[in-house]
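Chains, contacts and geometry: an overview
One-letter residues, chain by chain:
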Amino acid sequence: MSGDSDRPLSFTTIENPFQALSESERQEITSALSTETRARAGEILDNLDAALRSFHPFQIIAQVTAYGLTVTATKDGIQRPEDGYENYQPVTELLQALALKIPPHSLGSDPIPPQTFSELFEEVKELTTLLQLKTIYGDQPPDGSENVHLKGLQKLTKGYRSHVRNWGYYGQVRNICEELYTGFDATVQEQRGYKVSDVLTLFSELTKRNDDFLSHRMEKLSEVYKAPTKEEMVRTYYAEFGLDSEDIQTFIERSGIESIDRSHLLALLCSHSDLFLFGGFTHNIEGLSSDLGMSSKAVSKICVDFGYGLGDLADSDSEHSVLENPIWQRPIVNLGESLFCALPQVFFSFAIPALEQVIEECDAPRLFKHRSNYLESKIEQLARRHFAESEATIVPNFEWVQGDDRYESDLVLQLDSTVLIIEAKSQRISPSALRGAPDRMKRHVREIVVEPSKQSRRLELAIQEAMREATGEGQLNDRGLNLSAVRKIIRISVTLEDFAVVHGCLYMLEDAGWVPSDYSPCPTMTLADFETVLDLLDNPLHILNYFRRRSDLVTKVRLQGDEIDFLGLYLRTLLNIERQIPSDHNFVVLPEMSSKIDNFYESADHGIHIKKPVPEMAACYRRIISQVAERQRPGWTELGMVLLRLAPEEQREFCRQTGIFSRIVEQNWRRRHKNIVICRPASANEVVLAMVLYKDKNSEKRDEFIDSALSYAFSEQGSAVCVVMARNIDDDELPFHFIALTYPSNETQP
């Protein structure tokens, strides 16, 4: 799927090259590929081991980081290398794990020549890919469709584990970790000699220092390239990097700059500047401690608990590092009086298991209870913040009784005629489940996907029953909810940790037989993603509509992507996509739909403020939605969500037709004329939108025109709801002067 909003949304069908083969033929081919993969991976591992014993291994890691993980900050936001983070970070992690396997006395110390580095880098990229393929696809499933579906889930989980690092944006992750864990500062300091907040401060500082170092390096090289002559380029290089000016002439003579062009000279100088990269990522512990206001003893202890010394990984299995790299939770290389850390961002990617491993040893009972309390309170805090101006009723820990059983839902929010039920699940996701262990995966699916959805469904049915009884009393009404006004109930579940993209792929869970046949699903997302949805959409109507459309699509289409991909798709289409998906699809992947959202938040983390992405809408239609939200008449949330069933391109056509008919009315209002625009969304045939146009001079006929519009709207079979609007074209101040949500039974909500 394209992520470019300037082009029509389209889908491309990719044929399975193995679909015509029998299961035995497929296994024969994949078995042969597996054998070749293993042989080639072993060959490259031997080559890398030899290189790391010949050349300075951490200098190599620093070079990979500098060229593969450096972002460029511009006024338009953050720009990544075309073949950047997603590919280079696993490569760098693998290199560091390999380097820490080698005994200190066997490590290389010489600078690696540029050509050798280029060859080694290509090999380590190939190795990373080979190990991922071997890990994800190595074992063949036995016969049986359920096992095949299970294997698909395992491949998805392993692929995510081996490739995806971020479970939230940097500032967001840092904030969640501070809120969640700094309450254990005193306990951890007493037993470990440092505070949790010290750990977060140290890795934040290392991240900042690395970013600043690489940015300054690029600025210096930019100044070099600006020099008017090749000789001036060399002189500028020596000045910018603080080198001895007495060596300039020697460099000029030895490099033969007369015979090379400016681009080759810049490449030569860049290569020379690589020698300083190791030092840029190496920090003296005493100096670092002084700058941070921490004791050097505390920093040294953090280096021990969140790092490795040279040779510490001698017994680790290189091939297993794809799904469980030891450096993920301990990215520091402990060099005694100094530390080397080219990948401090890795710590934040795995901050939850890294910090909890330490905290659990100090106070395990309180940690498990604290996780649950934090998640529930954080969800309530976010809900109150983002619905503060809409007079929503928010009820945490909503208790209710059904027969002899007492139940509790974590949060119930009522805004106008819409109720949002949120269940929170703070269960820890085990590493074995993320590595694809079937029993653990199935257990977590039950705990964080199935059970909370069943709980919210139970409350949904109870609310519907109370609505039918219309008593206005009872256990469900005693904390401020107005059930007599409820028209729509939306359910979601929020987890503390990320379970790959498993909780977003219901169809795969169904295929594997991991959900009950009577299961009524709802979207499941992480706390970080929940926070992003609320912050980005901001408008309560869009927030509710997003959750509603996510709920609708859970069972209607087979989409594969993480929550921010879905959110990016909402910005582009309002998730009105059912009719655009090929009917014979297996599943639809959502690649790079999150790019604009990623750029916005990552830019903010770098101090660059760019325009926040907003849902794509026609300008005149946006005015309609804004007026509905501003007036907040009874039923406005349901009305707004029906209006939002029109995809952006349909909105543009609706507005265009409204403009055409406005001119017709202006010219022909004295005689019989057409003045009603009718639109039926492609993704919701049961919905009809009607716009009635009139003038001051025939405004007495407005109700007659509205009745005609409704008669036409419900004349077609299948019409279940109509939004009818009326607009006086002589008044440009308002996008409409009358609006009502109407049903065939003539039930109307103005």
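What this report covers is the structure whose coordinates are included nearby. Predicted model only: the values in this text are computed from it and were never measured.

1. Let's talk about the overall build of the chain
Along its length, the chain carries 28 helices and 18 strands. With the C-alpha coordinates aligned to their principal axes, the bounding extent of the chain is approximately 95 × 70 × 65 Å. A burial count over the chain gives 54% of its 750 residues as buried. Long-range pairs, those at least 24 residues apart, make up 74% of the contacts in the chain with a sequence separation of at least 6. Total accessible area on the chain is roughly 33600 Å²; 47% of this is exposed by carbon and sulfur atoms. Measuring between centres, the 80 positive side-chain charges of the chain sit 5 Å from its 113 negative side-chain charges.

2. A short note on helix α10 (residues 248-255)
For α10, every residue scored as buried is listed here: I248, F251, I252 and S255. All buried residues of α10 project into a common sector of 100° when viewed along the axis, lining one side. In α10, the exposed positions that point more than 90 degrees away from the buried face belong to E253 and R254. Remark: G256 follows α10 within two positions and exhibits a positive phi of approximately 60°.

3. Regarding the sheet that holds strand β11 (residues 524-526)
Here five strands make up an open sheet; going across it, the order is β7-β8-β9-β10-β11 and the pairing mixed. Looking at strand neighbours, the two that pair on one side only are β7 (393-402) and β11, the edges of this open sheet. Mean inter-strand twist for the sheet, computed between neighbouring axes without regard to direction, equals 35°. Looking at chain direction, β7 and strand β8 (residues 405-415) are connected through nine bridges and run antiparallel. Within the sheet, the bridge partner assigned to T393 lies in β8 and is Q414.

4. Quick look at the sheet that holds strand β4 (residues 307-309)
Strand order in the open sheet formed by four strands is β3-β6-β5-β4, and the pairing between neighbours is mixed. Edge strands, defined here as strands with exactly one partner in the open sheet, are β3 (282-284) and β4. Strand after strand, the sheet turns through a mean of 30° between neighbouring axes, direction not considered.

5. Some thoughts on the pattern of salt bridges
This model, assessed by the stated rule, comprises 39 salt bridges. With its nearest N and O atoms 2.8 Å apart, the salt bridge here joins R165 to E93. One end of the pair, R165, is in the loop between α5 (145-163) and α6 (170-181); the other, E93, is in helix α3 (residues 85-99), and 72 residues separate them in sequence. In this pair, the class of R165 matches that of E93, namely buried. Of the charged contacts in the structure, one is a salt bridge between R549 and D552, with a shortest N-O distance of 3.0 Å. Of this pair, R549 and D552 both sit in helix α22 (residues 540-556), three residues apart, roughly one helical turn. For the pair formed by R549 and D552, the shared burial category is buried. When salt bridges that share partners are traced, they join E356, E360, R371, R428 and E497 into one network.

6. Description of the pairing of strand β16 (residues 721-728)
Residues in a regular strand project their side chains so that they alternate between the two faces of the sheet. Of all eight residues making up β16, eight are buried, and the element is well covered by its neighbours. A two-sided burial pattern is seen for β16, the buried positions comprising V721, V723, M725 and R727 on one face and C722, V724, A726 and N728 on the other. Bridging between strand β15 (residues 687-694) and β16 involves eight bridges; their strand directions are parallel. In the sheet register, V692 faces β16, and the bridge partner there is A726. With helix α28 (residues 702-713) bridging β15 and its parallel neighbour β16, the resulting β-α-β unit is right-handed. Bridge count for β16 against strand β17 (residues 738-742) is five bridges, and the pairing is antiparallel. The residue bridging V723 from the neighbouring strand is L741, located in β17.

7. Remarks on the packing of aromatic side chains
Inspection of every chain in the model, using the stated rule, returns 23 aromatic pairs. Plain terms: the ring middles of F306 and F347 are 5.9 Å apart, the flat faces sit at 85° to each other, and that makes the pair edge-to-face. With F306 in the loop between α14 (296-305) and β4 and F347 in helix α16 (residues 344-349), this pair connects stretches of sequence that are 41 residues apart. You can call F306 buried: its relative accessible area is 1%. On the basis of relative accessibility, which here comes to 0%, the residue F347 falls in the buried class. Relative to F547, the ring of F530 has its centre 6.1 Å away and its plane inclined at 10°; by these criteria the two rings are stacked. With F530 in helix α21 (residues 527-537) and F547 in helix α22, this residue pair connects regions lying 17 residues apart in the sequence. Here the aromatic cluster, defined as three or more aromatic residues joined through ring pairs, consists of Y170, Y194, F203, F306, F347 and F348. Over the aromatic face of Y225 sits the side chain of R262, whose NZ or CZ is 5.1 Å from the ring centroid. Positioned above the aromatic ring of F566, the side-chain terminus of R550 is 4.0 Å from the ring centre.

8. Things to note about the side chain of S349
Tracing the backbone through its elements, the reader meets S349 in helix α16. From its side chain, S349 meets the backbone oxygen of R165 in a polar contact 3.3 Å long. The contacts of S349, once residues within four sequence positions are left out, are Q89, R165, N166 and W167.

9. Brief notes about the side chain of S683
Relative to the helices and strands, S683 resides in the loop between β14 (676-679) and β15. Accessibility expressed as a relative area gives 13% for S683, which makes it buried.

10. Some words on the state of the cysteines
A full pass over the atoms with the stated rule returns one disulfide. A disulfide bridge connects C620 with C655, and the sulfur atoms are separated by 1.8 Å. Here C620 is found in helix α25 (residues 619-631), whereas its partner C655 is found in helix α27 (residues 648-668), with 35 residues between them in sequence. On the accessibility criterion, C620 (32% relative accessible area) is partly exposed. Note on C655: relative accessible area 14%, which makes it buried. Here C722 is not disulfide-linked; the sulfur of C679 is the nearest cysteine sulfur, at 11 Å. Among the residues examined, C722 registers a relative accessible area of 0% and is labelled buried.

Cut-off values and rules
- Residues numbered from 1 in each chain as written.
- Predicted model: local features only at pLDDT ≥ 70, side-chain atom pairs only at ≥ 80, totals over all residues.
- Heavy atoms only, no water.
- Helix = DSSP H or I, 4+ residues; strand = E, 2+ residues; numbered from the N terminus.
- Buried < 20%, exposed > 50% of the residue type's maximum accessible area, 1.4 Å probe, protein only.
- Contact = heavy atoms within 4.5 Å.
- Areas by Shrake-Rupley, 256 points an atom, 1.4 Å probe, with all protein chains shown as cover.
- Lys, Arg positive; Asp, Glu negative; His and termini not counted.
- Charge placed at Lys NZ, Arg CZ, Asp CG, Glu CD.
- Arc of directions from axis to C-beta.
- Pairing = 2+ DSSP bridges.
- Axes fitted to C-alpha atoms, helices over the stretch in contact; angles between N-to-C directions.
- Salt bridge = Lys/Arg side-chain N within 4 Å of Asp/Glu carboxyl O.
- Right-handed = clockwise from strand over helix to strand, strands pointing away.
- Phe/Tyr/Trp six-rings, centres within 6.5 Å; stacked < 30°, edge-to-face > 60°.
- Lys NZ or Arg CZ within 6 Å of the ring centre and 35° of its normal.
- Polar contact = N/O pair within 3.5 Å; in protein donor to acceptor, adjacent residues only side chain to side chain.
- Disulfide = S-S within 2.5 Å.

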